[in-house]
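Each chain, written out:
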Amino acid sequence: MTTTTTKKPSFFSGLTGQILIAMFLGAVLGIIIHNLISAEAAQSFSGKIKMLATVFIRLVQMIISPLVFTTLVVGIAKLGDIKAVGRIGGKALAWFFTASFISLLLGMFFVNILEPGVGLNLTNVDLAAASEVTAKTQSISFENFIEHIVPKSIFEAMATNEILQIVIFSIFFGLAAAALGDYVKPVVNALDKTSHIVLKMVNYVMKFAPIGVFGAIAGVFAVRDFQELAITYFKFFGSFLIGISSIWVVLILIGYIFLKSRMTVLLKRILGPIIIAFGTTSSEAVFPKLTEELERFGVKDRIVSFMLPLGYSFNLDGSMMYMTFASIFIAQAYGIDLDLGTQMTMLLVLMLTSKGIAGVPRASLVVVAATCGMFDIPIEGIALILPIDHFCDMFRSATNVLGNALATSVVGQWEVEDEHEIVTSE
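Residues numbered from 1 in each chain as written. Predicted model: local features only at pLDDT ≥ 70, side-chain atom pairs only at ≥ 80, totals over all residues. Heavy atoms only, no water.

> Help me out: how do you make sense of the overall build of the protein chain in this one?
Along the protein chain, the regular secondary structure elements total 18 helices and 0 strands. Sorting the 426 residues of the protein chain into buried and exposed places 52% on the buried side. Looking at the protein chain alone, contacts between residues at least 24 apart form 87% of all its contacts between residues at least 6 apart. Approximately 19,600 Å² of the protein chain is accessible, and the part contributed by carbon and sulfur atoms is 66%. (Helix = DSSP H or I, 4+ residues; strand = E, 2+ residues; numbered from the N terminus. Buried < 20%, exposed > 50% of the residue type's maximum accessible area, 1.4 Å probe, protein only. Contact = heavy atoms within 4.5 Å. Areas by Shrake-Rupley, 256 points an atom, 1.4 Å probe, with all protein chains shown as cover.)

> Teacher, can you tell me more about the nonpolar core here?
What tends to happen in soluble globular proteins is that the nonpolar side chains get buried as a cluster. If you look at the biggest cluster of nonpolar residues, it comprises 120 residues, and the most contacted ones within it are Phe56 and Phe236. Looking at this core element by element, the count peaks at 14 residues for helix H2 (residues 39–79). Not counting residues within four places of it along the chain, the set of residues in contact with Phe56 comprises Val205, Met206, Phe208, Ala209, Gly212, Ile276, Thr280 and Ala285. (Core = buried A, V, L, I, M, F, W, Y, C linked by side-chain atoms within 4.5 Å.)

> How should the packing of aromatic side chains be read in this particular structure?
Each aromatic ring pair is specified by the distance between its two centres and by the angle formed by the two planes. All told, the structure shown has 16 aromatic pairs when counted by the stated rule. Aromatic pair Phe240 and Tyr322: ring centres 5.5 Å apart, planes at 90 degrees, arrangement edge-to-face. With Phe240 in helix H11 (residues 234–259) and Tyr322 in helix H15 (residues 317–333), the pair connects residues that are 82 residues apart, well separated along the chain. The pair formed by Phe240 and Tyr322 is uniform in burial state, with each residue classed as buried. Site record: aromatic cluster; members linked through ring pairs are Phe236, Phe237, Phe240, Phe278, Tyr322, Phe325, Phe329 and Phe395. Over the face of the ring belonging to Tyr322 we find Arg396, whose NZ or CZ atom lies 4.1 Å from the ring centre. (Phe/Tyr/Trp six-rings, centres within 6.5 Å; stacked < 30°, edge-to-face > 60°. Lys NZ or Arg CZ within 6 Å of the ring centre and 35° of its normal.)

All we've got here are geometric facts, nothing functional implied.
So, in structure tokens, the structure goes:
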């Protein structure tokens, strides 16, 4: 009798390994191009090779709207009543705002302790490069925040991937479906089947992830002299990494407190999405894959479909830390002294304004520029951090994915415990 053994796939044959290889090859190619050809030719090469990343991200964006709508409506319909939605929503928002406050506070703490902007040389700063960002600052306001919450058209919201607006419409749609009960079961079942089709599409789209990461990394290194950036921005980037690392430590510790040994399993599950977000500088690019991995981890689909869309608008831990860090860094660079009261006011302003910019390109920079304007800090100072921002964005995006995965998992566990208590009491 012969026995057949199945060979276990190696690490590098999986998606995570392929993405790491793509990152390495992209960096090598970009550095070679940067050193061998003229700056103009390198710029042209960068624009073309980045199209690989653009195509991948657009493929992901193509399925985000239908995925959010179908999964969230089905999830709410399965919850069955407004009380359940309110209970989960209350837990989610409590977690999101607490995490945002801690992230902002950590950014403020480390930029004041390490003072990366003090004594910075302000010559040779490309102010023209900042115009793209500063031009958008006028749209960041309380009115803009409200506009980002309430959609005037679900079709417009879906066309522009305004996740928060899609969430609001889906909540109303789901609650209405739950209220009508069995009468609308065929519609809910159809949406449930549609969500599974979209999730299957995720598997196809993710096969392009290594190609997209390769293009993104190669495009950046082709036009940036990494050695020059490292020397010029050593103190800023080093201080930022200390701050972002502290958020990882806090998040992982909190994870072990609430999830115990399951936190290790969660980290293994979300490693792939974290690396994709790191390589593409887009936490949005892993939304569908993260949905799939969290459900495999054991979080109920109705919780995942409710929590993740909210998290992508309200729970961007890495971006929050960067906002206070960068705003106060620019003030330090210009020699502007901000007392503790002013900095706390800035923190509260950022807590509000940052919630209305989901889906805005380079959202963190736009909010930083707007905040500087509010506190009489020269907004052209945004040009100071533009050269290094892409590398900071890699870490911000990865941190955002970790924060949302943890929030969804913990709230999912709380909900299971609450349901068990309700059943026991009955």
